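Observations on the model geometry
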Amino acid sequence: MFKIEQSEWLAPKVRRLVVQAPRVARRHEPGHFVIVRVCDGGERIPLTIADSDAEAGTITLVVQVVGATTEKLCALEAGGAMENVVGPLGRPTEIEEFGHAILVGGGVGTAVIYPQAAALKKSGNKVTAIFGGRSKEYVIFEKELAVHCDAVHPCTDDGSYGYHGFVTGKLKELLESCGDIGAVLTAGPVPMMRAVAEVTRPFGVKTIASLNPIMVDGTGMCGGCRVTVGSDMKFACVDGPEFDAHAVDFGELTDRLTTYRDQEALAWNRLNGCTPDPAKGESGCKLRESEEAAANQ
Amino acid sequence: MLKPSERMKIQRQPMPEQDAQKRACNFEEVNCGYAADAASTEAQRCLQCKDAKCIGGCPVGVKIADFAEAIARDDLAAAADILFADNVLPGITGRVCPQETQCEAVCVRSKKGTPVGIGYLERYVADWARENRKDLFEPPNPTGKRVAVVGAGPGGLTCAGELAKHGHAVTVFEALHVAGGVLVYGIPEFRLPKDIVRAEVETLKARGVEIVTDVVIGQTYTIDELMKEEGFDAIFVANGAGLPVFQGIPGENLKGVYSANEFLTRVNLMGAYQFGQTDTPVIDASQIVVVGGGNTAMDAVRTSRRLGADPATLVYRRSREEMPARVEEVNHAEEEGVVFRMLCSPVEVLGDDNGWVRAVRCIKMELGEPDDSGRRRPVPIPDSEFEVPCQVFIEAIGTQANPLLTQTTPGLKTNKWGNIVVDENNMTSIPGVFAGGDIVRGGATVILAMGDGKNSAVSMHEYLMKSDGNGKASG
Ligand SMILES: Cc1cc2nc3c(=O)[nH]c(=O)nc-3n(C[C@H](O)[C@H](O)[C@H](O)COP(=O)(O)OP(=O)(O)OC[C@H]3O[C@@H](n4cnc5c(N)ncnc54)[C@H](O)[C@@H]3O)c2cc1C
Ligand SMILES: Cc1cc2nc3c(=O)[nH]c(=O)nc-3n(C[C@H](O)[C@H](O)[C@H](O)COP(=O)(O)OP(=O)(O)OC[C@H]3O[C@@H](n4cnc5c(N)ncnc54)[C@H](O)[C@@H]3O)c2cc1C
Ligand code: FES
């Protein structure tokens, strides 16, 4: 069992969990993730390691509630425990001397870019972070990022805080105004990463996206996490999860992420005791419907 | 004692099975096991050859004639002692070994009829032992040596058990959340109940073997760290050949295409067939096509059948005779209503407008000249393509060595397929690091992995006992 040391809401439906996992903490590098199982009979889900403390033996996870398993996970309080945590998995971020690196995070992706920011700064880069959410209350990790970045640009869709607009709008501004940008690293919802890739493409700036396909084992054993990069099939858990965003087939990734939509809705309903009315076009998952509505905006 | 001529008259005792119609809808074990009288009758069929060929046919050299003799005189405790002396996981091998190509293939009785049901008898004794036999294991004197085993599959578990017998402190590191390797994530419940694997693992733990799950060697620790920082004196690597191969045909990333590993892992390890009580889903499909001819393909297609696929179709590019799967599994699959489409090969997975699999396009094959494996090479017949409708398409065409560990272990020699190279003592190019099972052999069998575990343990014991107090070999 892996003990939860701290657990708190950072934003609506976004929770920060500090978990005892000394073996993982001692080897964590930016870009690594873990696979967790909340309880016996539970699903194995991948989560990025947002931070670690090798001495205390803890790792930090930032989790957004999007379905049954993340809901169960976010119901855990300090003092509780998770059944399994395995990692660190995946290849770490390639920290190079880019000159000026821009990190673009959306939603919980902001937690993914945090350790990258720290490492990039440490190896001598100028680091700018662009991150955001729907409105002010969804903006996370600003203080933490500010510690390591030369500039931070929080963005909100509704203009309630920081830059008014999508992260890609701010990114484009910077690409046009700064000539020194050597790389853009991005993590967040697939449509956002795809948009980031399209913004940087005409500028020819190296762009790395942290992909989030559905995973099972996380060790290269099942191939469920396969993604197409260029003309190659890659297993995101062992070959990634970070890939050249200009070569990733985002359409395929988006589609594959919908594979278990029906079963996920069932699981959610069971957990929350709701009965959908298909006649009204309800999939049953109120949370999902509101997320989808937001994504379609 | 019966005379050989009397023994020769006894017919092979059939294995009682769950009714085919019924079992095609459940995950309970297909074979029910011999009753006591059937077991002793079958044991009497053994001619007690002086030069028992069957022993040489067994990769771990079980004294088959001796344990059959003990069963025949109803001394199951003695039979169990004989069996366990050479095979620490008989409940498993009795169920999954390809006996027809090993011990039973060389049984003299197979020359003029059917061989002794060695696998069935082995299973019988193992099951009796699980219920009735006390583990008489005497904790040996600790040697003070520490050994790490990578991977809790049959190879790793066997090696761990053998090393513990010598008094070495053994820690098994397993990437997944449970021990067992393919025995728990691949081979389905209806062929190998997971309780049996659990019981074997518990026995090892009771003998002092420490099993640490959720640790991926190469990621959580490197081999180098295990030796230098974690203080292990020797390591046995048995991480299997778990990387699935895809055919490389168009449409493989459509929703509904699985590797057999993913499909079986979801259903077996994660319990997707009980979705609702468990949280891991598997795609609901009324028609499933599986490609391949080995045990993995057979497990995938029979699992599909049990999840309700009708038809569950098996596509294989050679003919039935060439299928590498255990004969019993092929027969069981057929009885359960699996549709066999031999001599054809998928060329494309076809999708609908929403990105879901709707069919697989296959081409017919004919057998040409023999290839390197001695089997006749399948050759496509031009203009013979046809479609098989399905919503799920499962590829069971083989696995490769997983590079996760080897890539992070500088100095570890591998061959061109990524399999670890070992010497005659199963030692790798790194002193003190041994390896065995599928990572060395490529996809092989449970018993060969166990044989490697056992032989490696012998070499490792020697290596450890001649090394100096610092755990470094002195010679
Ligand atoms: C390498 C990697 C790192 C990740 N890091 C984080 C993180 O730090 N914080 C975080 O909140 N989430 C992260 N995710 C996503 C997280 O794993 C999923 O949100 C989670 O699996 C959803 O499980 P669920 O049962 O709650 O939702 P479900 O009901 O199973 O699914 C809800 C929605 O999430 C999508 N989804 C399902 N499984 C996955 C999955 N494995 N990956 C991505 N989307 C999925 C589905 O397509 C669906 O639209 C990461 C994913 C990957 C692959
Ligand atoms: C579906 C299926 C059916 C089969 N049916 C039969 C059958 O009927 N009869 C038969 O004889 N053989 C059968 N086989 C083959 C047989 O299962 C294998 O040959 C055997 O399991 C190999 O044993 P192993 O110990 O080498 O590896 P595995 O059983 O593969 O075990 C390796 C273990 O190592 C773990 N691991 C991997 N990488 C790491 C790492 N880096 N760190 C820590 N742990 C790691 C894995 O999670 C796994 O638990 C079948 C195989 C499959 C896939
Ligand atoms: S998650 Fe199974 S191979 Fe990547």
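Preceding block: the structure.
For the structure given in this document, a descriptive report is provided here. (Residues numbered from 1 in each chain as written. Chains lettered and ligands numbered in written order. Predicted model: local features only at pLDDT ≥ 70, side-chain atom pairs only at ≥ 80, totals over all residues. Heavy atoms only, no water.)

1. Observations concerning the overall build of chain A
Here is the rule: Note on conventions: DSSP H or I runs of at least 4 residues are helices, E runs of at least 2 residues are strands, and numbering of each starts at the N terminus. Radius of gyration: C-alpha atoms only; globule rule: 2.2 Å multiplied by the number of residues to the exponent 0.38. For every residue, the accessible area (1.4 Å probe, protein chains only) is compared with the maximum for its type, and the residue is labelled buried under 20%, exposed over 50%, or partly exposed between those bounds. Pairs of residues are marked as contacts when any of their non-hydrogen atoms sit within 4.5 Å. A 1.4 Å probe and the Shrake-Rupley method give the accessible areas. Residues count as covered only by the protein chains that appear here. In this tally, Asp and Glu contribute negative charge and Lys and Arg positive charge; neither His nor the terminal groups of the chain are included. In plain terms, the charge of a residue is placed at NZ if it is Lys, CZ if Arg, CG if Asp and CD if Glu.
Tallying secondary structure elements over chain A gives 10 helices and 17 strands in all. In terms of overall dimensions, chain A is globule-like: its C-alpha atoms have a radius of gyration of 18 Å, near the 19 Å expected for 297 residues. For chain A, the C-alpha atoms occupy an extent of roughly 55 × 50 × 40 Å along the three principal directions. Here chain A holds 297 residues, and 54% of them are scored as buried. In chain A, once contacts between residues fewer than 6 apart in sequence are set aside, the share between residues at least 24 apart is 64%. Surface exposure of chain A reaches about 12000 Å², of which carbon and sulfur atoms provide 50%. Looking at chain A, you have 30 positive and 39 negative side-chain charges, and the mean spots of the two groups are 2 Å apart.

2. Quick word on the sheet that holds strand S10 (residues 126-133) of chain A
Residue and element names in this part refer to chain A. How we decide: For two strands to be treated as a pair, DSSP must find at least two bridges joining them. Only C-alpha atoms enter the line fits that serve as axes; for helices the fit covers just the stretch in contact. Angles between N-to-C directions range over 0 to 180 degrees.
One open sheet holds the 7 strands; their spatial order is S12-S11-S10-S9-S13-S14-S17, and the pairing between them is mixed. The open sheet has two free edges, formed respectively by strand S12 (163-164) and strand S17 (242-244), since each of these has just one partner strand. Summarising the sheet, strand S9 (residues 100-106) and S10 pair through 7 bridges and their orientation is parallel. What sits directly across from Gly-105, in S10, is Phe-131. In this fold helix H5 (residues 167-177) packs onto S9, S10, strand S11 (151-156), S12 and strand S13 (181-187), with an angle of close to 155° to the strand it touches most, S10. Its contacts with the sheet put helix H6 (residues 190-200) on S9, S13 and strand S14 (206-210), and the angle it makes with S13 is roughly 165°.

3. Some words on the site of ligand 1
All names here are of chain A. So the rule is basically this: Being near a molecule or strand, for a residue, comes down to having at least one heavy atom within 4 Å of it. Here a polar contact is taken to be a pair of N or O atoms separated by no more than 3.5 Å, where protein atoms must pair a possible hydrogen donor with a possible acceptor and residues adjacent in sequence count only if both atoms sit in side chains.
Around ligand 1 sit 23 residues, and of these Pro-46, Val-62, Gln-64, Thr-70 and Leu-257 come closest. A distance of 2.4 Å is found between an oxygen atom of ligand 1 and a side-chain nitrogen or oxygen belonging to Thr-70. Protein chains bury 90% of the 830 Å² of accessible surface belonging to ligand 1 in isolation. Those elements that provide at least two residues to the shell around ligand 1 are strand S4 (45-48), strand S6 (58-64) and helix H2 (68-74).

4. Here's the deal with the interface of chain A and chain B
Basically, it comes down to this: Computed with a 1.4 Å rolling probe, the buried area is the accessible surface lost when two parts are put together, summed over both parts. Criterion for a salt bridge: a side-chain nitrogen of Lys or Arg within 4 Å of a carboxyl oxygen of Asp or Glu. In this count, Pro and Cys sit with the nonpolar residues alongside Ala, Val, Leu, Ile, Met, Phe, Trp and Tyr, while Asp, Glu, Lys and Arg are called charged and the others, Gly among them, polar.
Taken together, the contacts link 43 residues of chain A with 45 residues of chain B. Both faces considered, chain A and chain B share a buried interface measuring about 3700 Å² in area, 51% of it formed by carbon and sulfur atoms. Contact with chain B buries surface across chain A, with Arg-23, Met-221 and Tyr-260 of chain A losing the most and accounting together for 18% of the total. Here Lys-72 of chain A makes a salt bridge to Asp-279 of chain B, at a shortest N to O gap of 2.6 Å. Scanning the region where chain A abuts chain B turns up 26 residue pairs in polar contact (both at pLDDT 80 or more). Sorting the residues of the side of chain A that touches chain B by element identifies strand S8 (84-89), strand S15 (226-229), strand S16 (232-235), helix H8 (250-256) and helix H9 (261-272) of chain A as the ones contributing at least two each. The greatest single-element share of the side of chain A that touches chain B, amounting to 6 residues, is contributed by S8 of chain A. The residue makeup of the side of chain A that touches chain B, split by class, is 15 nonpolar, 14 polar and 14 charged.

No statement about biological role is implied by the geometric values presented.
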